[in-house]
Amino acid sequence: MFDAIRNSKRIIQFFLVLIIISFSVWGLESYFRGGGGDDLVQIGKTRIGMNAFRDALRNEQERQRRANPHADPAEFDSQATRDDALNSLINRYLLLLEAQKQGLNVRLAMQQLIAQIPDFQENGVFSQERYEATLAAMQRPVQEFESEFQEGLLRQTLLSSVLEASFAPKTVTNRIIALLTETRDVQEHLIAWRPLVSKVKISDAEVRQFYDDNPANFSIPEQIQVEYVLLAQGMLGSMTKIPEADLRAWYEINKERFAKRPEERRISHILLITDADKEKVHAEAMRLLSEVQKEPGRFAELAKAHSEDPGSAGQGGDLGFMTRQMLVKSFADAAFSLKKGDISDLVESEFGFHIIRVDDILPGEYFPFAEVRPHIEEAMREQNMARLFAEAAENFKNLVFDQPDSLKPAADAYRLPIQKSGWLNRDSKGEDPVSNPRLIRELFDDEVLKNGRNTRVVEVAPGVLAAARLLEHQPALLSPFDDVKDAILSLLREEKAQALAVEEGEAKLAEAENMRVSWGKSQTVSRVMPGLLHPLALDAILRVGADNLPAYAGVALPEQGYAIYKILKAGSQAIEPEFENHLAQQIEFITAQNETAAYLAALRQRYKVKVNESLIREQEQ
């Protein structure tokens, strides 16, 4: 499996792009910010907080902006976008947990892939100095880069195994291609509705009745004008100078982030997987621990005999050299607290119970403080600014809520201008903050419209909060009948003319054999070569059996009328081998997508994914 990965330049490019995009979206801040937040998702024993979801949502929104730079910004705040971000986040964790459970080790493959990236080479050969210099220029610690690279490679490797096993049988592929290239020679007779308009008679009573029955069609939406204030993180001013001692203390605490080469430990372990009878597994693990403690030299023997880790049991439990970032937290905390040759007490992770031994230690090498000081200062300023903004946001919310009849106290507290909007309705869209869909929903709430209260504070953009209140309200109005009666008359004439076309067409189709009409020129159509046929027409034609021709089909076509088709001949479209291969690849791709979706669904069942939907709803309000 790894041979295919190592030989694929496209995968190298994919990972490099993935990593660069991740950095450009989140910047240095994401690597200095903890997970935090309430638990949004629980996957087995692994918990994912709201901060991780917010990061995933920002990433998904940025991906959509790059793909559709001219799209309505409101689309990036849709429920579909939130669902995509959440599912992507869950799938990422599921794949990593499964990769760890299977004992996948991609360290060697990762090193070989990195060595093949041209940006890290000199004269076609990997250069460690250029590697470190390039990452330093990107403000990326080596350890963070390799950890993210390795994480992506683990997910890719796991999915590759699914895709390698997924295929569409040749007989199925051939059958689908045969259906796609199945042809019909047809002639068309169209009964257009427009010439029939002159035959339609609409009474004044019908026009009035339609107006009375469909008031929503003729209403002018209610509109509002509001005043609002915005509190943005950038409005809080520059931070005071950070003491040098604080910068150095931060460097020592977070030294692993600045590793040229992180500390690696050669680790062996014995794993007993937790099942329904956890107490029984725990008792067996304690028995094995007692044996290992009495006779440490038998560790490899006991691992081969009892460890349930398929990736390391055969090697006496040897996992090879690992960095802290490659391990789940409880395992890493234990393994990196031991001295060389030490054996741990029993350690529990989401995979089960471990007995860990450290076989060797390769000390890490770190960038000196002076070299990374500017990055630390920037990160600490961002942290302090984020903390200050969080405190200001809480006070801002309280001022807006505690004094609901005015925005002035909140505006005065932070020297914010009170701004006035244009006219807004429930469907208003735009790039200005007051058109944010969440704020629009707040503005049309009864508390705001009827009781004149401030809206709740809403995040209208990353790091930007808004609150608003009503200035003027125009209720929905019904357009006067005289203003719309001509439009109604035209609409009813079109509808009745279309109905006449259908009625005439169905009558002719019922007497198909004796039908005397003028047929259009014969054309050959198929699913991959529909010509100018409407999709509804193509579907109706291909539903007719090919055993007894000529045959007939009829279909009402929107905006056109009613079309009758005379099916003269059935056949198969000859296609170039290149196009046939393209169709086969598309079928394989769809098959792979379905297999991947089924695999991820199975992982969700296996790891018992639980989502706190109420927490998402709270954040949206």
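Refer to the preceding data block for the structure.
The structure presented is a predicted model; accordingly, all values stated were derived computationally and were not measured. (Residues numbered from 1 in each chain as written. Predicted model: local features only at pLDDT ≥ 70, side-chain atom pairs only at ≥ 80, totals over all residues. Heavy atoms only, no water.)

1. Observations regarding the overall build of the chain
So, point 1. The secondary structure content of the chain amounts to 21 helices and 21 strands.
So, point 2. For the chain, the C-alpha radius of gyration of 34 Å lies well beyond 25 Å, the compact-globule estimate for 621 residues.
So, point 3. Considering only intrachain contacts with a sequence separation of at least 6, the fraction spanning at least 24 residues in the chain is 73%.
So, point 4. Positive and negative side-chain charges of the chain, numbering 74 and 94 respectively, have mean locations separated by a distance of 2 Å. (Helix = DSSP H or I, 4+ residues; strand = E, 2+ residues; numbered from the N terminus. Rg over C-alpha atoms; globule rule 2.2 N^0.38 Å. Contact = heavy atoms within 4.5 Å. Lys, Arg positive; Asp, Glu negative; His and termini not counted. Charge placed at Lys NZ, Arg CZ, Asp CG, Glu CD.)

2. Observations concerning unusual backbone geometry
So, point 1. Omega for the peptide link from L549 to P550 comes to 5°, which places this bond in the cis form.
So, point 2. With respect to the helices and strands, P550 occurs in the loop between α19 (535-543) and β19 (551-557).
So, point 3. One non-glycine residue, E559, lies in positive phi territory at about 70°.
So, point 4. Residue placement: E559 occurs in the loop between β19 and β20 (561-572).
So, point 5. For K608, which is not a glycine, the phi torsion comes out positive at approximately 55°.

3. Re a negative patch on the surface
So, point 1. Where like charges cluster on the molecular surface, the negative patch consists of D275, D277, E279 and E308.
So, point 2. By the secondary structure assignment, E308 is in the loop between α12 (299-306) and β10 (318-322).
So, point 3. Assessed through its relative accessible area of 39%, E308 is described here as partly exposed. (Patch = residues over 30% accessible without salt bridge, like charges linked within 9 Å, V, L, I, M, F, W, Y side chains within 5 Å. Areas by Shrake-Rupley, 256 points an atom, 1.4 Å probe, with all protein chains shown as cover. Salt bridge = Lys/Arg side-chain N within 4 Å of Asp/Glu carboxyl O. Buried < 20%, exposed > 50% of the residue type's maximum accessible area, 1.4 Å probe, protein only.)

4. Examining the pattern of salt bridges
So, point 1. According to the stated counting rule, one finds 31 salt bridges in the structure shown.
So, point 2. Across the pair R155 and E151 runs a salt bridge, and its minimum N-O distance is 2.7 Å. Of this pair, R155 and E151 are both found in helix α7 (residues 142-165), four residues apart, which corresponds to roughly one turn of the helix. Here R155 and E151 have matching classes, each one buried.
So, point 3. In this structure, the salt-bridge partner of E291 is R287, at a minimum N-O distance of 2.2 Å. On the criterion of helical spacing, the pair formed by E291 and R287 is a turn pair, its members being four residues apart in helix α11 (residues 278-294).
So, point 4. Through salt bridges with shared partners, a single network forms among E284, R287, E291, E295, R298 and E301.

5. Considering the sheet that holds strand β15 (residues 458-461)
So, point 1. Taken in spatial order, the four strands make up an open sheet running β14-β7-β16-β15, and their pairing is antiparallel. Strands with a single pairing partner mark the edges of an open sheet, and in this sheet they are β14 (419-420) and β15.
So, point 2. For β15 and strand β16 (residues 464-474), the ladder comprises three bridges, and the chain directions are antiparallel. Among the inter-strand pairings, A461 is bridged to a residue of β16, identified as V464. (Pairing = 2+ DSSP bridges.)

6. Some thoughts on the packing of aromatic side chains
So, point 1. Tallied over the entire structure, the rule returns eleven aromatic pairs.
So, point 2. Ring geometry for Y211 and F481: centres 5.2 Å apart, planes at 75°, overall edge-to-face. One end of the pair, Y211, is in helix α9 (residues 204-213); the other, F481, is in helix α18 (residues 481-510), and 270 residues separate them in sequence.
So, point 3. For F481, a relative accessible area of 18% corresponds to the buried category. (Phe/Tyr/Trp six-rings, centres within 6.5 Å; stacked < 30°, edge-to-face > 60°.)

7. Brief notes about the packing of α7 against helix α20 (residues 577-607)
So, point 1. Remark: α7 packs on α20, axes separated minimally by 9 Å, with the N-to-C direction vectors making an angle of 125°. Taken together, the axis directions place α7 and α20 in an arrangement best described as oblique. For α7 against α20, the interelement crossing comes out right-handed. The segment α7 lies against α20, with L158, L159, V162 and L163 engaging A592, E595, T596 and Y599.
So, point 2. Residues of the contact of α7 with α20, tallied by class, amount to six nonpolar, one polar and one charged. (Axes fitted to C-alpha atoms, helices over the stretch in contact; angles between N-to-C directions. Parallel < 35°, antiparallel > 145°, perpendicular 65-115°, else oblique. Left-handed = near helix turned anticlockwise from the far one by under 90°. Nonpolar A, V, L, I, M, F, W, Y, C, P; charged D, E, K, R; others polar.)

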